[in-house]
Amino acid sequence: MSPPIFIILLSSLATGTIITMTSYHWLMAWVGLEMNTLAIIPIISTMHNPRATEAATKYFLTQASASAMILFSSTINAWQTGTWDITNLSSEPAHILLTIALAMKLGLVPMHFWLPEVLQGSTMTTALIISTWQKLAPMALIYLNINNLSTAVLILLGLLSSIIGGWGGLNQTQTRKIMAFSSIAHLGWMITVSSIMTNIMIMNLMIYLIMTTALFYSLILSKSKTIQDTTTAWTLSPTLTTMMMILLLSLGGLPPLTGFMPKWLILEELIIQNLVPTATTLAVSTLLSLFFYLRLTYTTTLTLSPNTIQTKFKWRFKLKSTTFFMMPLSTISILLLPLTPLMLL
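Computed from a predicted model, the values in this text were never measured in an experiment.

Reading the values: rules and limits
- Residues numbered from 1 in each chain as written.
- Predicted model: local features only at pLDDT ≥ 70, side-chain atom pairs only at ≥ 80, totals over all residues.
- Heavy atoms only, no water.
- Helix = DSSP H or I, 4+ residues; strand = E, 2+ residues; numbered from the N terminus.
- Buried < 20%, exposed > 50% of the residue type's maximum accessible area, 1.4 Å probe, protein only.
- Lys, Arg positive; Asp, Glu negative; His and termini not counted.
- Salt bridge = Lys/Arg side-chain N within 4 Å of Asp/Glu carboxyl O.
- Contact = heavy atoms within 4.5 Å.
- Axes fitted to C-alpha atoms, helices over the stretch in contact; angles between N-to-C directions.
- Parallel < 35°, antiparallel > 145°, perpendicular 65-115°, else oblique.
- Left-handed = near helix turned anticlockwise from the far one by under 90°.
- Nonpolar A, V, L, I, M, F, W, Y, C, P; charged D, E, K, R; others polar.
- Core = buried A, V, L, I, M, F, W, Y, C linked by side-chain atoms within 4.5 Å.
- Expected span 1.5 Å × (residues − 1).
- UniProt positions renumbered as here; feature names shortened; annotations may be inferred.

Enquirer: Lay out the side chain of lysine 105 in plain terms, naming residues and giving numbers.
Expert: Of note, lysine 105 is situated in helix H4 (residues 92-106). In this structure lysine 105 is buried but unpaired, with glutamate 34 as the nearest side chain of opposite charge at 5.7 Å. Every residue in contact with lysine 105, bar those within four places of it in the chain, is listed here: Leu33, Thr37, Gln63, Ala66, Ser67, Ile70, Trp114 and Pro138.

Given below as C-alpha cells:
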C-alpha cells in the first residue's frame, strides 16, 4: 500500500473514532463508527492472501451488524421518546440492543469469536490497531450511556469475558491470538467496574492501551509471531527480551508493576460494593491469564531452543523501524504503581 493512501486511511480511522467520542447525536455516533470500520478494512486486507481477506470479511460483517444494531436501538429510542440525544436512552428494548451491539464491537463474551480470528489474519501492526485504537469509540459510548445500561448484565458480561479470555488463551501458540484473548480478559475487567466507578474504568483502559502497545511493539521488533519465535528473540537484543518479560508480567498484573494497579483498585471497589463473589471470580480468572503470560515469559527469557549450526538466528541488522516509543511506553507499563494515589485524585 502506498504511503499517501495509508495516511488517508489512518486519518479516516482517527477521524471516525473522534467523531463518535465527541458526538451527542446518535446519527453522528453511527457515522463515526461506519467511517472507522470502512477505513480499517483495506488496512486489514493489505496482505494479499486468503487469510487476510477472510479476516477483513469477518471484521466487516461483525462491525456492520453491530453498527446496524446501534442505529436500530437509537431509532427505537427516538421513536418512543422523540430525542436523538445519546445520554437520553430511556427505552428498555434500546438498552438491550445497545448492550449487545457494544459487546459485539468490543469483542466481549459471548460475541468474541471474531476477535482472535481477525487478529490472526492481519499483520502485527493492524492487530495492534484493532486491540487498542478500535476499543476507544465503543468504550466512549458505554461511558456516555452507563446510567442507562443494566449493571447486572454488564457485570455478567465482564465476568464471562475475564474467565473465557483466560481460558481461551491457554492452548494458543500464536502470539496474536494470545493477545486477542488477553484483550478480551482485560475488557472484562473494565466492563465489570464500568457501572460502579467509571473513573477506574477509564484509568484501566489507559493503562491497558499503554501496556498492550508496548508489548505489541516488542513483538513487532523481534518478529515474534509464535511462541517458538520468542525462544530466539534473545539473539536480536537481550535488553528487548528482558523488557518483554517484564511487560508480560505487568500485563498479568503482578504486584510491583503497573498492571497490578487497575486490578487492585477494581477488586477493592467491588469489595466496597459488597460484590465479594464477583471479586473472587475475577481474581481467580486472572490466574488463567497469568499462566499463558508466564509461559511466554518462560520461553522468551529462560528457554534456549535446540540449536544446530544451521539455525537461522535473527541477526542484528540495523533496525528499520524506530524504537523511540518503546522507552516511554515500557517505562509507564512497568513503573507507574507508586503514582496510584495521584491518579485517584
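We are not done yet, so read on.
Enquirer: Residue-level account of the packing of helix H9 (residues 175-194) against helix H14 (residues 276-301), with values.
Expert: Across the interface, H9 lies against H14 with an axial gap of 11 Å and an inter-helix angle of 160 degrees. Comparing their axes, H14 and H9 come out roughly antiparallel. Crossing geometry of H9 relative to H14 is assigned as left-handed. Residues Thr175, Ile178, Ser182, Ala185, His186, Trp189 and Thr192 of H9 pack against Thr278, Leu282, Ala283, Thr286, Ser289, Phe292, Tyr293, Arg295 and Leu296 of H14. Per-class residue counts for the contact of H9 with H14 are eight nonpolar, seven polar and one charged.

Enquirer: Could you give me a rundown of the pattern of salt bridges, with the residues and numbers involved?
Expert: Under the criterion given, the structure shown has three salt bridges. Here lysine 58 ties to glutamate 54 by a salt bridge, and the two come within 2.7 Å at their closest N and O atoms. Of this pair, lysine 58 and glutamate 54 both sit in helix H3 (residues 50-81), four residues apart, which is roughly one turn of the helix. Measuring nitrogen to oxygen at the nearest pair gives 3.8 Å for the salt bridge that ties glutamate 117 to lysine 58. On the criterion of sequence distance, the pair formed by glutamate 117 in helix H5 (residues 114-121) and lysine 58 in helix H3 is long-range, its members being 59 residues apart. For lysine 58, a relative accessible area of 28% corresponds to the partly exposed category.

Enquirer: Talk me through the nonpolar core; I want residue IDs and the actual numbers.
Expert: Core analysis: the largest hydrophobic core is formed by 90 residues, its most contacted members being Ile130 and Met139. At twelve residues, the largest contribution of residues to this core is made by helix H10 (residues 198-222). Leaving out residues up to four positions away in the same chain, isoleucine 130 has contacts with Ile40, Ile44, Tyr59, Trp114, Leu115, Val118, Leu119, Ser122 and Lys135. Counting residues in each nonpolar core, the second largest holds five residues, with Tyr217, Leu221, Leu236 and Met326 among its members.

Enquirer: Mind laying out H9, listing which residues take part and the relevant values?
Expert: Spanning 20 residues, H9 covers 28 Å between terminal C-alpha atoms, matching the ideal 28 Å at 1.5 Å per step. Within H9, 20 of the 20 residues are buried, which leaves it mostly tucked inside the rest of the structure.

Enquirer: I'd like a rundown of the UniProt feature "transmembrane region" (unreviewed entry) in the protein, residues and numbers included.
Expert: Within the UniProt annotation, "transmembrane region" (unreviewed entry) is assigned to residues 96-115, 152-171, 178-196, 202-221, 233-251, 271-294 and 324-344. With 100% helix and 0% strand, residues 202-221 has its two end C-alpha atoms placed 29 Å apart. Annotated as 74% helix and 0% strand, the span residues 233-251 places its first and last C-alpha atoms 19 Å apart.

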